[in-house]
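Below, each chain spelled out in residue letters.
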Amino acid sequence: MVRKIIEIDREKCNGCGLCASACHEGAIGMVDGKAQLLRDDYCDGLGNCLPVCPTGAIRFVEREAAAYDEKAVQENMKKAQSAPHSGCPGSRAQAFAPRTPSPASFAPAVSELRQWPVQIQLVPVNAPYFDGANLLVAADCTAYAYADFHRDFIRNRIALVGCPKLDPVDYSEKLTEILRRNDIKSVTIVRMEVPCCGGLEHAVRTALQNCGKLIPWQVHTVSVQGELL
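These figures come from a predicted structure and were not determined experimentally.

Cut-offs applied
Residues numbered from 1 in each chain as written. Predicted model: local features only at pLDDT ≥ 70, side-chain atom pairs only at ≥ 80, totals over all residues. Heavy atoms only, no water. Helix = DSSP H or I, 4+ residues; strand = E, 2+ residues; numbered from the N terminus. Buried < 20%, exposed > 50% of the residue type's maximum accessible area, 1.4 Å probe, protein only. Contact = heavy atoms within 4.5 Å. Areas by Shrake-Rupley, 256 points an atom, 1.4 Å probe, with all protein chains shown as cover. Expected span 1.5 Å × (residues − 1). Core = buried A, V, L, I, M, F, W, Y, C linked by side-chain atoms within 4.5 Å. Arc of directions from axis to C-beta. Pairing = 2+ DSSP bridges. Right-handed = clockwise from strand over helix to strand, strands pointing away. Axes fitted to C-alpha atoms, helices over the stretch in contact; angles between N-to-C directions. Polar contact = N/O pair within 3.5 Å; in protein donor to acceptor, adjacent residues only side chain to side chain. Phe/Tyr/Trp six-rings, centres within 6.5 Å; stacked < 30°, edge-to-face > 60°.

Trainee: Would you mind going over the overall build of the chain with me for this structure?
Mentor: The helix and strand inventory of the chain stands at 6 helices and 8 strands. For the chain, the N- to C-terminal ordering of α and β elements is β-α-β-β-β-α-β-α-α-β-α-β-α-β. A burial count over the chain gives 41% of its 229 residues as buried. Across the chain, contacts joining residues at least 24 apart in sequence account for 73% of those joining residues at least 6 apart. For the chain, the exposed area adds up to about 13,000 Å²; of that, 52% sits on carbon and sulfur atoms.

This is how it looks when you write it as structure tokens:
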């Protein structure tokens, strides 16, 4: 039958996984780091995935496709809920063995934070501390995963944090205004290795492209075990 169904452009997909989380039918999965429609009969054609895609990689098309099978969807979701490794890779439960700290790490740590607030959604666009700043844009989880986060990343930078999976906003618009209105010297992005962090990196890249300035930037990726990749 010919019906309305989603189509995903793998070239535009940044692998953030937000669409897979938004799909209540399990029709979308992550394959080789990209979103993919797994089965036509799992897609109800309502498009809950469309508004969460930060890159516009998903659209509706009309084509020959199997009819939506609600029974098959329910059976699939039951299997997914009971599977130990189901769902978004970034939400997969993992446990790590404790590590023995070096003697030097017992010294009292000093916070390197230079401003408040730090959440992207809360920070004023024209805050005075942005003038002449080296900007750090980091995923929330990085400060917990990477032990030397303050020393290696916050020191001498103005820090902004956010989570593209949990915050229902497009960070790129506000970040563009911050870069456009202030004398930002450089931008450092720190993200986790999980796919959903791709949304944060994409937002910063978009802001750098749209701000009308040439600003040096770099990306650092942290593994879920706290190592720099």
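Trainee: Looking at this model, I keep getting lost on helix α6 (residues 198-210). Mind explaining?
Mentor: When the terminal C-alpha atoms of α6 are compared, their 18 Å separation across 13 residues agrees well with the 18 Å that a helix rising 1.5 Å per residue should span. The set of residues buried in α6 consists of Gly198, Gly199, Leu200, Glu201, Ala203, Val204, Thr206, Ala207 and Leu208. Along its buried surface, α6 packs onto β5 (134-139), β6 (158-162), α5 (171-181), β7 (186-192) and β8 (217-222). Just downstream of α6 lies Gly212, where phi reads positive at about 80 degrees.

Trainee: What should I look at first to understand the nonpolar core in this one?
Mentor: Proteins that are soluble and globular tend to have nonpolar side chains buried together. Core analysis: the biggest nonpolar cluster contains 40 residues, and Phe130, Leu135, Leu175, Leu179 and Val187 have the highest contact counts within it. For this core, the elements supplying multiple residues, two or more each, are β5, α4 (149-154), β6, α5, β7 and α6. Ignoring anything within four residues of it in the chain, the contact list for Leu175 reads Ile120, Val137, Leu160, Ala203, Val204 and Ala207. Ile28, Ala35, Leu37 and Cys49 belong to the second largest nonpolar core, which has 20 residues in total.

Trainee: I tried to follow α5 on my own but got confused; where do I start?
Mentor: What sets the pattern is the α-helix's 3.6 residues per turn: residues three or four places apart point alike. Residues of α5 that are buried: Tyr171, Ser172, Leu175, Thr176, Ile178 and Leu179. Each buried residue of α5 lies within a common arc of 165 degrees when the element is viewed along its axis, so the set occupies one face. The outward face of α5, more than 90 degrees from its buried face, is lined by the exposed residues Glu173 and Arg181. Lining the buried residues of α5 we find β5, β6, β7 and α6.

Trainee: Please explain the environment of Gln209 as it appears in this structure.
Mentor: Among the structural elements, Gln209 can be located in helix α6. Take Gln209: its relative accessible area is 64%, and that puts it in the exposed class. Taking the C-alpha atoms as reference points, Gln209 and Thr176, separated by 33 residues in sequence, lie 8.4 Å from one another.

Trainee: How should I be thinking about the pairing of β8 in this particular structure?
Mentor: Across a regular strand the side chains alternate sides, sitting on one face of the sheet and then on the other. Bridge count for β7 against β8 is 6 bridges, and the pairing is parallel. Residue pairing for β8: Thr188 is matched across the bridge by Gln218. In this fold, the crossover linking β7 to β8 by way of α6 has right-handed handedness.

Trainee: What exactly am I supposed to notice about the pairing of β5 here?
Mentor: Counting buried residues along β5, 5 of its 6 residues qualify, which places the element largely inside the surrounding structure. The pairing of β5 with β6 spans 5 bridges and is classified as parallel. What sits directly across from Leu135, in β6, is Ile158.

Trainee: Is there a simple way to think about the sheet that holds β8 in this case?
Mentor: Sheet strands pair by backbone hydrogen bonding; their relative direction is either parallel or antiparallel. Reading across the sheet, the 4 strands line up as β6-β5-β7-β8 and stay open at both edges, with parallel pairing between neighbours. Edge positions in the open sheet fall to β6 and β8, since each of these has one partner strand only. Taken pair by pair, the neighbouring strands of this sheet meet at an average axis angle of 20 degrees, ignoring direction. Sheet strands in contact with α5 are β5, β6 and β7, and its direction is about 170 degrees off that of β6. Here α6 sits on the sheet in contact with β5, β6, β7 and β8, set at roughly 165 degrees to β7.

Trainee: Would you mind showing me how to read the side chain of Asn182 here?
Mentor: As for its position among the elements, Asn182 is in the loop between α5 and β7. On the basis of relative accessibility, which here comes to 9%, the residue Asn182 falls in the buried class. Engagement of the side chain of Asn182 in a polar contact is seen with the backbone oxygen of Val125, the distance being 2.9 Å. Excluding residues within four positions of it along the chain, Asn182 makes contact with Val125, Asn126, Ala127, Phe130, Glu177 and Lys213.

Trainee: I tried to follow the packing of aromatic side chains on my own but got confused; where do I start?
Mentor: One pair of aromatic rings is described through two measures. These are the centre distance and the angle between the planes. Following the criterion strictly, the structure yields 3 aromatic pairs and no others. Ring plane angle 65 degrees and centroid distance 5.2 Å describe the contact between Tyr129 and Phe130, whose orientation is recorded as edge-to-face. You can call Phe130 buried: its relative accessible area is 0%. Centroid distance Phe149 to Phe153: 5.7 Å. Interplanar angle 55 degrees. Geometry classified as tilted. Of this pair, Phe149 and Phe153 are both found in helix α4, 4 residues apart, which corresponds to roughly one turn of the helix. Classification of Phe153 as buried rests on a relative accessible area of 3%. Here a set of aromatic residues connected by ring pairs shows up, and it is made of Tyr146, Phe149 and Phe153.

Everything listed here is a matter of coordinates, which is why it stays silent on function.
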